[in-house]
Amino acid sequence: MKAAVFNPGRKATDPFLQIRDVPRPQCQPGYIVIKVIACGVCRTDLHIVEQDLPTIQPELIPGHQIVGEVVEGATAELPLGTRVGVSWMGGVDGDCFYCLNGKENLCDNPVFTGYSINGGYAEYALARSDFAYPLPSGLDDLHVAPLLCAGIIGFRSLRVAGVSQGERVGLFGFGSSASLAIAVLKSWKCEVYVVTRGEAHRQRAASLGATWVGAEDDKPPVALDRAITFAPSGKVVIGALASLRKGGVVAINAIHLDQMPAFDYDTLLWGEREIRSVANMTRQDARDFLQIAHDLRIQPRVKAFALDDANKAVLAVKEETESGSTVIVP
Ligand SMILES: [Zn+2]
Ligand SMILES: [Zn+2]
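In this text the structure is predicted, and so the values were computed from the model without any measurement.

Quick notes on the rules
- Residues numbered from 1 in each chain as written.
- Chains lettered and ligands numbered in written order.
- Predicted model: local features only at pLDDT ≥ 70, side-chain atom pairs only at ≥ 80, totals over all residues.
- Heavy atoms only, no water.
- Donors = N, O, S within 2.8 Å, 3.2 Å for Na, K, Ca; no water.
- Helix = DSSP H or I, 4+ residues; strand = E, 2+ residues; numbered from the N terminus.
- Buried < 20%, exposed > 50% of the residue type's maximum accessible area, 1.4 Å probe, protein only.
- Pairing = 2+ DSSP bridges.
- Axes fitted to C-alpha atoms, helices over the stretch in contact; angles between N-to-C directions.
- Contact = heavy atoms within 4.5 Å.

A. Spatial organisation of the coordination of the zinc ion (ligand 2). Within the first shell, the zinc ion (ligand 2) binds the protein through Cys-42 (SG), His-64 (NE2) and Cys-149 (SG), at distances of 2.0 to 2.2 Å. Each donor residue of the zinc ion (ligand 2) lies on the same chain, and together they follow the pattern C-x21-H-x84-C. You can see His-64 sitting in the loop between helix H1 (43-49) and strand S4 (66-72) and its partner Cys-149 sitting in the loop between helix H2 (141-144) and helix H3 (150-161), a full 85 residues away along the chain. Residue classification places His-64 among the buried residues on the basis of a relative accessible area of 0%.

B. Geometry of the coordination of the zinc ion (ligand 1). Taken together, the protein donors to the zinc ion (ligand 1) comprise Asp-93 (OD), Cys-96 (SG), Cys-99 (SG) and Cys-107 (SG), at separations of 2.0 to 2.3 Å. If you list the donors of the zinc ion (ligand 1) from N- to C-terminus, the spacing comes out as D-x2-C-x2-C-x7-C. In this pair, the class of Cys-96 matches that of Cys-99, namely buried.

C. Broad picture of the sheet that holds strand S13 (residues 224-229). Reading across the sheet, the six strands line up as S12-S11-S10-S13-S14-S15 and stay open at both edges, with parallel pairing between neighbours. The two strands at the open ends of the sheet, each matched to only one other strand, are strand S12 (212-214) and strand S15 (274-277). When the angles between neighbouring strand axes are averaged without regard to direction, this sheet yields 20°. As defined by bridge partners, strand S10 (residues 168-172) adjoins S13 across four bridges and the pair is classed as parallel. Looking at S13, one finds that Leu-171 is bridged to Ile-228. On the sheet, helix H4 (residues 176-187) packs against S10 and strand S11 (191-195) and is oriented at approximately 175° with respect to S10.

Honestly, that's just the spatial picture; any functional story needs more than this.
As structure tokens, this is what we get:
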């Protein structure tokens, strides 16, 4: 099969991914083989190929927002031909402290799709059948792909931030994840304050119903109950913290930050303000968000690239040339 393969030993001048033929994955008990229809490109994929995240596999097919059809390993829940989605969380051990306490997103022995195992930048992918989600009809293949990480983890960020109905919520950075989270916040009657660089992102936020939109160094005109940061930048976290009321919460939706700058405790954190990180997702987050996305008819803006152009797709995420989501179609 054809796949886009990351080789960590590549020369700096080589593209991130090599498009070439590799063996099709073999089905194993407890797994399904999926014929990939579309695979979203996430900022985490960029962190993997730029090695901001430690390299685990000597050769890897990235991609963890997989939409496809079950072609092998069918089960009663997932008959042959079922359209399924696979996300970042590709498996857990099920018996560590975290798994036994409802926090499988923090599992001690996790499997990450497209990072610790091969993902979906390919014609076929292997996935654990208990980590594949049947996808609601009504969302087409291309548009459902970005929901599978950007959407689910954006939604988890709202939970981690503790957002309640009608609150004032800041979104710092406005890429794929934030543009999906805003639809959920609007349905919860929240006021949404967006701080982001790039005129295109600001326009997009305004068109999706943001109460107020500002540039990178602007401060929202009101104190926020909650803030979620999406940019991989510690400076943005400090900006979010400075926008909170007493008792407010910042949730950091980033697997990697450049650094966390020193900041003034007395004015920024005291007053029971909180900083929390958002790590991975549970299967319940996935099921809940996919249902909400279906009910709200959340429709991401999508730019599609052929598998042959996987490098261009990754660069589009790096350069933030798209204000929506980027998807690879094998
Ligand atoms: Zn576990
Ligand atoms: Zn992701």
